[in-house]
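Now for the letters of each chain:
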Amino acid sequence: MEIRIEGLCKTYRSEGRTVAALDHVDLTIPANEIFTLLGPSGCGKTTLLRCIVGLETPDAGEIRIGDDVVWSSERRIAVPTEKRGLGMVFQTYAIWPHMSVFDNIAYPLQVRGAPRARIREKVARALEFVQLRGVERQPATRLSGGQQQRVALARALVAEPRVILFDEPLSNLDAKLREETRKLLRRFLGELGITALYVTHDRVEALALSHTIAVMQAGRVIETGTPQHMYFDARHRYVADFIGRANQFPAIVRNRENDYTLARCGLGTIHCQARDLPEGAEATLCIRPEFIRVTRNEVGPGFNVIEGTIESMEFVGEVYEAEIRVNDERLLARIDPDVQAVPGERVELRLDPAHCLLLSA
Ligand code: ATP
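Bear in mind the structure is a predicted one, so any value in this text is a computation, not a measurement. (Residues numbered from 1 in each chain as written. Predicted model: local features only at pLDDT ≥ 70, side-chain atom pairs only at ≥ 80, totals over all residues. Heavy atoms only, no water.)

**Here we look at the nonpolar core**
Short version of the rule: What is meant by a nonpolar core is a set of buried Ala, Val, Leu, Ile, Met, Phe, Trp, Tyr and Cys residues, joined one to another through side-chain atoms within 4.5 Å. The buried label applies to any residue whose accessible area, calculated with a 1.4 Å probe on protein chains only, is under 20% of its type's maximum; exposed applies above 50%, and partly exposed to all values in between. Helical segments are the DSSP runs of H or I of at least four residues, strand segments are the runs of E of at least two, and each set is numbered from the N terminus. Two residues form a contact once any of their heavy atoms are found within 4.5 Å.
In terms of nonpolar packing, the biggest core is built from 36 residues, with Val101, Ile105, Leu153, Ile164, Phe166 and Leu189 touching the most fellow members. Where this core is concerned, the elements lending two or more residues are helix H2 (101-111), helix H3 (116-129), helix H4 (145-158), strand S8 (163-167), helix H5 (175-192) and strand S9 (195-200). Broken down by element, the residue count for this core peaks at seven residues, all from H4. Leave out the neighbours within four places in its chain, and Leu189 touches Ile34, Ile164, Phe166, Ile194 and Ala196.

Spelled out as structure tokens, the structure:
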């Protein structure tokens, strides 16, 4: 089910300060996709989620879930949370410790007064789905953090929500469990084909899980796109930087040459992916470390080959991460151990023009 958000605003006032937690947010969350709100702490992700759920009252705007307007300031519509048909999985597992796994999952159905046989059947299906069969009689608190989060997911699913919302559901798990649960979640949600809205500040989680990512900053949605678009082709400097490590240099746009746009920056004149920017415009050249090839004594033909001096190197497994000085600039690159480079050495850097992005913002 699609969610449409138009002109949503929410301002908080506390201790004499006014914070625009949501500043005219327009967003369409397509049906049956995993859609992630990504951004640093305080950018408004949770506020947006809470407004959709109905736990927070916006100041202005409209929220639609499918064909239903669930909130509108202009039309004075405010559908209560329990009538919005949403399921939620929070950061804290929100498992009732005194209840068994079965009772935790059955709870939403018991509250609705569903017949016992129907409850048993639905809980069994949900347990099967989250791969927790066999533990239904155990106290929920005896399960691991990852299993408890799967109980929370099963509980959200038995209620057959139109949309399921996740607020940093993996952030209390350790790194390994987090990765495992993320993979399971991705599979579960893919199989369910349900609309899922996911909130996180973890870029790897967002890249790995989502069909679409919206990056937020200070109450606004800055850019929306597929993980690949956001990583390889973001239009905004802020987004390129937030979603992964990026070298960024102030640049001036020069002429077009064949399939490239040329730009002058501290590294020299660099061939970049073609962009429709006027000559003389100020821009930022952005290139990720993995698209810089570092070699020794191997200057071959081609463009975007520059020289630099290794300032420092750090072995991070598989590759070295190196800081390399080029003229007055410093950039981060990866060096293959086979290159056998050492700090202080001059090296050649080849910047892949297809991954040299010129960002205007
Ligand atoms: P986090 O990842 O830390 O949860 P977030 O991106 O979800 O951050 P929000 O929790 O939505 O951000 O907060 C957005 C802004 O609104 C922040 O500046 C926050 O301090 C402020 N804020 C949120 N809730 C309240 C509140 N109840 N009263 C006052 N200010 C609030």
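**Quick notes on the side chain of Lys10**
Quick note on the threshold: As used throughout, the charge tally considers Lys and Arg to be positive and Asp and Glu to be negative, leaving His and the chain termini uncounted. Salt bridge, as used here: a side-chain nitrogen of Lys or Arg that lies within 4 Å of a carboxyl oxygen of Asp or Glu.
Looking at the element boundaries, Lys10 is found in strand S1 (residues 3-14). No salt bridge is formed by the buried Lys10; the nearest opposite charge belongs to Glu56, separated by 4.1 Å. With residues up to four places along the chain from it excluded, the contact list for Lys10 reads Val19, Ala20, Ala21, Leu22, Thr47, Glu56, Thr57, Pro58 and Asp59.

**Thoughts on H5**
Spacing of three or four residues puts side chains on the same side of an α-helix, whose turn is 3.6 residues. Rule in force here: To estimate how far a helix should extend, the number of its residues minus one is multiplied by 1.5 Å.
Taking 1.5 Å per residue as the helical rise, H5 with its 18 residues ought to reach 26 Å, and the 25 Å between its terminal C-alpha atoms agrees with that figure. Of all the positions in H5, only Arg178, Thr181, Arg182, Leu184, Leu185, Phe188 and Leu189 are classed as buried. Phi turns positive, to about 60°, at Gly193, one or two residues after H5.

**Quick notes on the site of the ligand**
This is how the line gets drawn: Residues are classed as near a molecule or strand on a simple rule: at least one heavy atom within 4 Å of it. Polar contact criterion, stated in full: a pair of N or O atoms within 3.5 Å, where within protein one must be able to donate a hydrogen and the other to accept it, and residues adjacent in sequence count only if both atoms are side-chain atoms. The method behind every accessible area is Shrake-Rupley, applied with a 1.4 Å probe, and residues are considered shielded solely by the protein chains displayed. Under this grouping Gly is polar, as are all residues other than the nonpolar Ala, Val, Leu, Ile, Met, Phe, Trp, Tyr, Cys and Pro and the charged Asp, Glu, Lys and Arg.
In the neighbourhood of the ligand, the contacting residues comprise Tyr12, Val19, Ala21, Pro40, Ser41, Gly42, Cys43, Gly44, Lys45, Thr46, Thr47 and Glu168. In the model, an oxygen atom of the ligand is placed 2.9 Å from a nitrogen or oxygen of the Lys45 side chain. For the ligand, the protein covers 63% of the area, taking 630 Å² as the surface of the free molecule. Those elements giving two or more residues to the shell around the ligand turn out to be strand S2 (17-29) and helix H1 (45-53). It is H1 that contributes the most residues to the shell around the ligand, three residues altogether. For the shell around the ligand, the per-class residue count stands at five nonpolar, five polar and two charged.

**Concerning H1**
Most of H1 is tucked away, with seven of its nine residues classed as buried. Within H1, burial applies to Lys45, Thr47, Leu48, Leu49, Cys51, Ile52 and Val53. Two residues or fewer after H1 comes Gly54, characterised by a positive phi angle close to 100°.

**Comments concerning the pattern of salt bridges**
By the definition in use, this model includes 22 salt bridges. Between Asp202 and Arg178 there is a salt bridge, and its shortest N-O distance comes to 2.9 Å. Of this pair, Asp202 sits in the loop between S9 and helix H6 (203-209) while Arg178 sits in helix H5, placing them 24 residues apart in sequence. Within the structure, one salt-bridge network assembled from shared partners comprises Glu2, Arg4 and Glu6.

**As for the sheet that holds strand S11 (residues 220-225)**
Sheet strands pair via backbone hydrogen bonds, and the direction of the pair is either parallel or antiparallel. We apply this condition: Paired strands, in this sense, are two strands between which DSSP finds at least two bridges. Each axis is a line fitted through C-alpha atoms, taken for helices only over the stretch in contact, and angles between the N-to-C directions span 0 to 180 degrees.
Judged by pairing direction, the sheet is mixed, and its six strands sit side by side in the order S7-S8-S9-S3-S10-S11 without closing on themselves. Each edge of the sheet is formed by a strand with only one pairing partner; in this case those strands are strand S7 (86-89) and S11. The sheet shows a mean angle of 20° between the axes of neighbouring strands, taken without regard to direction. The strands touched by H5 are strand S3 (34-38), S8 and S9; relative to S8, the strand with the most contacts, the crossing angle is about 165°.

**Structural notes on the packing of aromatic side chains**
Threshold: For this analysis, a ring pair means two rings from Phe, Tyr or Trp (six-membered ring only for Trp) whose centres lie within 6.5 Å, classed as stacked if their planes differ by under 30 degrees, edge-to-face if by over 60, and tilted for the remaining angles. Charge-over-ring contacts are defined here by two conditions on Lys NZ or Arg CZ: a distance within 6 Å of the ring centre and an angle within 35 degrees of the ring normal.
Counted by the stated rule, this structure contains seven aromatic pairs. Consider the rings of Phe315 and Tyr320, whose centres lie 5.1 Å apart with planes at 55°: the pair is tilted. Aromatic rings pair up to connect Tyr231, Phe232 and Phe291 into one cluster. Between Arg288 and the ring centre of Tyr231, over which it is positioned, the NZ or CZ distance is 4.1 Å.

Any functional reading would require information beyond the geometric quantities listed.
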